[in-house]
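The lines below spell out each chain.
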Amino acid sequence: MLDKIKNRRSHFTREFNGEIAPKSLLQDMLNSSIWAPSHKLTLPFRFSVVEPNSREKIKNIILDNYLQNNSNPDPKKIEKIEWIQTKVSHVICIIFKPSGIVPEWEEVASLGAAIQNMYLILNEQSDFGGYWTTGNGMNSPVLRSFLKLKSTEIHYGYFFIGGIDNKRTIANRPQPSVNWL
Ligand SMILES: Cc1cc2nc3c(=O)[nH]c(=O)nc-3n(C[C@H](O)[C@H](O)[C@H](O)COP(=O)(O)O)c2cc1C
């Protein structure tokens, strides 16, 4: 188990090869989310999945939002946004839905655990990878409207998934900071 956790890596858009992931992989990732620890089982998250046929729509929303908010747009950033349509297979939009029953920080922690579950399922695949990204106009009014969020819900970014030719496993981490008492 420790090896699986250590070998889990984020794979970024520039690494994606344009392959489309099978829907069963998306379903396995989404099913894993509800096994996160969750105080009072509030399960404070839901997801909207952008399938390949809808990529152009979300790409245009993110691009228009970027151009409207940047008077001096960066061509490299524009290229990265274009990749959402051409290289990213699916986009899982991560939606936080606080219950009001337990402290909000506990529910944000639960959401993080849910995304880790999804990462671990994705990491079982040798030819697909992805990462959690919090940029790209996350939770902006246009994204909130696109995702049909309730006023209490928050868009906590995206899980981008794409085909990978060379899956990385190696990374460095320091020793954990621990006091044995
Ligand atoms: C809440 C959260 C937000 C993140 N947002 C971004 C992001 O906007 N852009 C990005 O490149 N990576 C983002 N990441 C992924 C990290 O860059 C990545 O986890 C880190 O580089 C460590 O790599 P690893 O996941 O392969 O261990 C995010 C990760 C988390 C947990």
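Up top is the structure.
Just so it is clear, the structure is predicted and the values come from calculations on it, not from any experiment. (Residues numbered from 1 in each chain as written. Predicted model: local features only at pLDDT ≥ 70, side-chain atom pairs only at ≥ 80, totals over all residues.)

Draft legend 1. Up close: the overall build of the protein. If you tally the helices and strands in the protein, you get six helices and four strands. Counting helices and strands in the order they occur from the N terminus, the protein gives α-α-β-α-α-β-α-β-α-β. The C-alpha radius of gyration of the protein comes to 17 Å, within 12% of the 16 Å expected for a compact globule of 181 residues. Seen through its C-alpha atoms, the protein measures out along the principal axes to roughly 55 × 40 × 35 Å. Relative to its full complement of 181 residues, the protein shows a buried share of 27%. (Helix = DSSP H or I, 4+ residues; strand = E, 2+ residues; numbered from the N terminus. Rg over C-alpha atoms; globule rule 2.2 N^0.38 Å. Buried ≥ 20, exposed ≤ 12 C-beta atoms within 10 Å, placed from the backbone.)

Draft legend 2. Seen up close, the site of the ligand. The local shell around the ligand consists of R9, S10, F12, Y131, W132, T133, T134, G135, G157 and A171. The residue makeup of the shell around the ligand, split by class, is four nonpolar, five polar and one charged. (Near = placed C-beta within 6 Å. Nonpolar A, V, L, I, M, F, W, Y, C, P; charged D, E, K, R; others polar.)

Draft legend 3. Fine view of the pairing of strand β4 (residues 154-163). Within β4, seven of the 10 residues are buried, which leaves it mostly tucked inside the rest of the structure. As paired elements, strand β3 (residues 128-133) and β4 share six bridges and run antiparallel to each other. Of the residues in β4, the one forming a bridge with G129 is G162. (Pairing = 2+ DSSP bridges.)

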